[in-house]
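Given next are the chains, with one letter for each unit.
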Amino acid sequence: MSKSRATRVPFKLHPRVFAALGSDLVTNDFVAITELVKNSYDAFADDVNVSFGSDPESGNYIEILDNGSGMTRKTIEKVWCVVATPHRAQAIMSRKGKKVRRVSGEKGLGRLSMARLGDRLEMLTQAKNSSCLKVNVIWSSLSGAATLDKCFVTIEKYDGEIPFQSTGTRLRIFHLANDWDEEQISELRDHLSRLISPFNEVKDFAIRLHAKDEETTATNVDSPKFLQHPKYRLIGKLTDDGQLHCKYTYAPFVTDRDGRKKTKILPWEKIQELSRSRGIEPIEAKSRAIQPLLFPSCGQFHFEIRAWDIDTSGVSEIVEEFKLKKLSLVRSGIRAHKGISIYRDGILVLPKSEGARDWLRLDLRRVSELGTRLSTSQIVGYVGITAKENPGIKDTSDRERLTESLDVTVFEEILKSGIWFLEQERLADRIDAKSANQPMKNLLGALSAQELIEQVKDTADRGGTAKETMPLVTEFSRSLEKARKEVERRFIYYSRLATIGTLAQMLVHEVRNKTTVVGNFLRAIAESKILEEAALLLREKFDRSSTAISGLDRLAETFLPLASRSFGRGRRHSVLEDRIAGALALYDADFRKREISIKFTAKTSTPVAVDPGELDAVLINVIDNAVYWLGQETSRPRVIDIRLSRIQSGARVRVGIHDSGPGVSEDNAEKIFWPGITTKPSGIGMGLTIASEIVDAHDGKMALQQPGELDGASFSFDLPVKSN
């Protein structure tokens, strides 16, 4: 049998590639114009004018005029007319005289963006010591040709009025695909303003935009002044030793609040721990690395993230500080630059379109985690990378995201760790130190006008005038406003806790349903004769199942009142020692895993006037903290010591929970019970707040003892003993 011979068939491209790569690949018209302006930057222009005009013969057009280096006929033929040319990838630096600039593009596709904007291109270009040339392209003719060898552009010497002083390029795009109204041009201004970093790293490149039918001079495309003065700022840098250096600054606009600064160094091991705490698989697994990463794979980079409070109060502060006319100017200014942008050698890489603003998925994380997290709508972030240090961080051809790679995965997780640090510090500064530690009932008490009434009455009894009462009213008004703000802030936190009631209802419902079904099955087994003939192992498993069902039923019983709208304190009481033993039993596996020894002897039986569900919440929150931090302790034995003592002549009992962990730093000691404050990577900062509020509701006080009894953390709280 003869063997067939393989034949070589040439690979061909249909001219429709111009439409596919031009109008279809680029996401929208704003991205298309941005890509063309980037080309001007790569041509070493320092001034670019984007305008909308009209020609009597050809109609409306978009014009992009720059003073860059222009092109010779040879460049047009050998580079510009070559789709996906490697020219920029090979010639990574552009030069103009003695100046050198790193180019931003390398794919050779940017010029095809024009096909999306309009069907006809008229380009004038002039290089140094060369004639001005005119290039005409009809994109529909190109894509409609039968084969690529039928595709042409026309080049001729231009004899008209030259728009350049020496060199440059002018693009005029006719037969526009869309009408550009004022709203679209305003949105284009926002996109162009993001092309150059608002952090002013590139100082020799200006963009101007001239809207339709404007007789005035084109306006500069730049960012508003207040973006240079954030309320919260984080500056970070990944150094060559693999450590993330962070510097946080709080600069309030109001004069009655002090600013502060804090620095932190996150080693690579800590960054990996934070990554795991966010519930994702290890970095090396996520990126399919063969071996565990002992060092960040991406190169050095730096970043700055600026954040503002964009509620009405926060926006009003900015308007007042910078003498703005409208609140909307603040939100629109942030919206134009919102999110975190990546700049390679000073020019925007990502994001290009509105849909890609949250490329780091901050908003999704904010929704999925209880607690205050920063969203893209309130931050303006800048990440500076270089092509030299970060060759593995590349954007996709559609300019919407980064390509998947180990370097990109590591890069993103490092950024998220820096954002976590910013969020923790911002939360601390949002809470007034003087009022955040007050129990809620004290805050509500400040809303009472009784004291003011008595003071006014005393003034009247003394024959005082209305003028004498004004300072009293003014002071009360000031106190009232302060209390109102704090109650509002607390309400924001505690309104989230309404979710707990819903979850408790679901928990009770599901547990009761499942225990009923499984319980009926176990009873049927017990009533049959199967167990009489069962092996010892089956009998043991049956007994364990019965015990487990009883435990679930008790759990439902504990939380049932908390899941009810009719829940009221004082209807049930608890035996303190039993609840402590039950809480410790929940962590039995953790104690064994972390080699934690427990010192607690229940020789007494103390009834307390606290609902079992609430008492469990207090105990579990404190014990859970101790378990976590003991897991970080490596230099000494891990111990939890629980001590009970009667106080106030036996009317109350004090509970002390002490551990031998790393303890609480002086910086965090003052605000340990504040809502939203946590140093646990996956924490939400509400556990100790909830516990302290429950204790306060029973006329007790929860306190942190410094230094701790075991040189770690020591928490104590007191509860009322149930009277007979």
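Note that the structure is predicted; figures quoted are calculated from it, not measured. (Residues numbered from 1 in each chain as written. Predicted model: local features only at pLDDT ≥ 70, side-chain atom pairs only at ≥ 80, totals over all residues. Heavy atoms only, no water.)

K.L.:
Help me understand the overall build of the protein chain, please; the structure alone is not making it clear to me.
P.N.:
The number of helices and strands found in the protein chain is 24 helices and 24 strands. A buried classification covers 46% of the 724 residues belonging to the protein chain. Expressed as a percentage of contacts within the protein chain between residues at least 6 apart in sequence, the contacts between residues at least 24 apart total 72%. (Helix = DSSP H or I, 4+ residues; strand = E, 2+ residues; numbered from the N terminus. Buried < 20%, exposed > 50% of the residue type's maximum accessible area, 1.4 Å probe, protein only. Contact = heavy atoms within 4.5 Å.)

K.L.:
Looking at this model, I keep getting lost on the sheet that holds strand β14 (residues 301-307). Mind explaining?
P.N.:
Hydrogen bonds between backbone groups are what pair the strands of a sheet, and the pairing can be parallel or antiparallel. Read across the sheet, 7 strands follow the order β13-β12-β11-β14-β17-β15-β16 without closing on themselves; strand pairing throughout is mixed. Two strands bound the open sheet, and with one partner strand each, they are β13 (260-266) and β16 (347-350). Averaged over all pairs of adjacent strands, the angle between strand axes in this sheet comes to 20°, irrespective of strand direction. Sheet analysis places strand β15 (residues 339-344) next to strand β17 (residues 379-385), joined by 6 bridges and oriented parallel. Paired with Ile-340 across the two strands is Gly-381, which belongs to β17. (Pairing = 2+ DSSP bridges. Axes fitted to C-alpha atoms, helices over the stretch in contact; angles between N-to-C directions.)

K.L.:
Just checking my understanding: could you explain the nonpolar core for this structure?
P.N.:
For soluble globular proteins, the rule of thumb is that nonpolar side chains tend to be buried together. Of all hydrophobic cores here, the largest spans 44 residues; its most connected members are Ile-33, Val-37, Val-50, Leu-121, Trp-180 and Leu-188. The element that contributes the greatest number of residues to this core is helix α2 (residues 29-42), accounting for 6 residues. With sequence-adjacent residues up to four places away left out, Val-50 is seen in contact with Ile-33, Val-37, Glu-63, Ile-64, Leu-188, Leu-192, Arg-208, Leu-209 and His-210. Ranked by size, the runner-up nonpolar core spans 39 residues in total, among them Phe-301, Ile-340, Ile-379 and Leu-402. (Core = buried A, V, L, I, M, F, W, Y, C linked by side-chain atoms within 4.5 Å.)

K.L.:
It is not clear to me how a negative patch on the surface should be interpreted in this structure. Could you clarify?
P.N.:
A surface patch of negative charge is lined by Asp-179, Asp-181, Glu-182, Glu-183 and Glu-187. Relative to the helices and strands, Glu-187 is located in helix α7 (residues 182-195). (Patch = residues over 30% accessible without salt bridge, like charges linked within 9 Å, V, L, I, M, F, W, Y side chains within 5 Å. Areas by Shrake-Rupley, 256 points an atom, 1.4 Å probe, with all protein chains shown as cover. Salt bridge = Lys/Arg side-chain N within 4 Å of Asp/Glu carboxyl O. Lys, Arg positive; Asp, Glu negative; His and termini not counted. Charge placed at Lys NZ, Arg CZ, Asp CG, Glu CD.)

K.L.:
Explanation requested: helix α3 (residues 73-80) in the structure shown.
P.N.:
Along an α-helix, residues three or four positions apart point the same way, because every turn accommodates 3.6 residues. All of the buried residues along α3 are Ile-76, Val-79 and Trp-80. In an axial view of α3, the angular spread of the buried residues amounts to 105°, which keeps them on one side of the axis. Exposed residues pointing more than 90 degrees away from the buried face of α3 are listed as Lys-74 and Lys-78. (Arc of directions from axis to C-beta.)

K.L.:
How should the packing of aromatic side chains be read in this particular structure?
P.N.:
Within a pair of aromatic rings, the relevant descriptors are the distance that separates the centres and the angle that separates the planes. For the structure shown, the criterion picks out 14 aromatic pairs. Ring geometry for Trp-359 and Phe-411: centres 6.5 Å apart, planes at 10°, overall stacked. Residue Trp-359 is located in the loop between β16 and α12 (362-368), and its partner Phe-411 is located in helix α13 (residues 406-430); the two are separated by 52 residues in the primary sequence. On the basis of relative accessible area, Trp-359 is assigned to the buried category, the value being 7%. These aromatic residues form a ring-pair network of at least three members: Phe-226, Phe-253, Trp-308 and Phe-322. Lying across the ring of Tyr-232, Arg-426 places its NZ or CZ 5.4 Å from the centre. (Phe/Tyr/Trp six-rings, centres within 6.5 Å; stacked < 30°, edge-to-face > 60°. Lys NZ or Arg CZ within 6 Å of the ring centre and 35° of its normal.)

K.L.:
Which parts of the structure should I look at to understand the packing of helix α22 (residues 612-630) against helix α24 (residues 687-697)?
P.N.:
Helix packing geometry: the angle between the two helix axes and the distance between the axes. The contact between α22 and α24 brings their axes to 9 Å, and the two run at 140°. When the axis of α22 is compared with that of α24, the two are oblique. Helix-helix and strand crossings are classified by hand; for α22 and α24 the assignment is left-handed. Of the residues in α24, those touching α22 at Glu-614, Ala-617, Val-618, Asn-621, Val-622 and Asn-625 are Gly-687, Leu-688, Ala-691, Ile-694 and Val-695. (Parallel < 35°, antiparallel > 145°, perpendicular 65-115°, else oblique. Left-handed = near helix turned anticlockwise from the far one by under 90°.)

K.L.:
Would you explain the sheet that holds strand β23 (residues 702-705) in this entry?
P.N.:
Read from one edge of the open sheet, 5 strands run β19-β21-β22-β24-β23, paired in mixed fashion. Every other strand in the sheet has two partners, leaving β19 (596-599) and β23 as the edge strands with one partner each. Averaged over all pairs of adjacent strands, the angle between strand axes in this sheet comes to 20°, irrespective of strand direction. Where strand β22 (residues 652-659) lies against strand β24 (residues 714-720), 7 bridges are found, and the strand directions are antiparallel. Each bridged residue has a counterpart across the sheet, and for Arg-652 the counterpart in β24 is Pro-720. Sitting on the sheet, helix α20 (residues 576-586) touches β19, β21 (638-647), β22 and β24, and the angle it makes with β21 is about 165°.

K.L.:
Explain the pattern of salt bridges to me, please; I cannot follow it from the model alone.
P.N.:
Should the charged atoms of two oppositely charged side chains come close, the side chains can pair. The full count for this structure, using the stated rule, is 24 salt bridges. For Glu-63, the salt bridge is made with Arg-172, and the minimal N-O distance between the two is 2.6 Å. Of the two residues, Glu-63 sits in strand β2 (residues 59-66) while Arg-172 sits in strand β8 (residues 168-176), which places them 109 residues apart along the sequence. Using a relative accessible area of 9% as the deciding quantity, one classes Glu-63 as buried. The class of Arg-172 is buried, set by a relative accessible area of 17%. The salt bridge involving Asp-588 is made with Arg-592; its shortest N-O contact spans 2.2 Å. Here Arg-592 and Asp-588 lie together in helix α21 (residues 588-594), a separation of 4 residues that amounts to about one turn. When its relative accessible area of 57% is taken as the criterion, Arg-592 is described as exposed. Through salt bridges with shared partners, one network takes in Lys-231, Asp-309, Glu-317 and Arg-426.

K.L.:
Is there a simple way to explain the pairing of strand β9 (residues 206-210) in this structure?
P.N.:
The side chains of a regular strand alternate between both faces of the sheet. Of the two faces of β9, the one lined by Ile-207 and Leu-209 is fully buried and the one lined by Ala-206, Arg-208 and His-210 carries no buried residue. Pairing geometry for strand β1 (residues 47-55) and β9, over 5 bridges, is parallel. Each residue of the ladder has a partner; that of Val-50, found in β9, is Leu-209.

K.L.:
How do you make sense of unusual backbone geometry when you look at a structure like this?
P.N.:
Both trends apply: most residues other than glycine have a negative phi, and most peptide bonds are in trans. Here the bond from Leu-350 into Pro-351 is cis, since omega is 0°, no more than 30 degrees from zero. By secondary structure assignment, the location of Pro-351 is in the loop between β16 and α12. Of the consecutive residues Gln-706 and Pro-707, the connecting peptide bond is found in the cis state with omega at -5°. Here Pro-707 lies in the loop between β23 and β24. A positive phi angle is found at His-175, which is not glycine, with a value near 50°. Of note, Asp-711 is a non-glycine position whose phi angle comes to about 65°, a positive value. When you line up the elements, Asp-711 lands in the loop between β23 and β24. Given a relative accessible area of 56%, Asp-711 falls into the exposed group.

What is shown is where atoms sit, not what they do.
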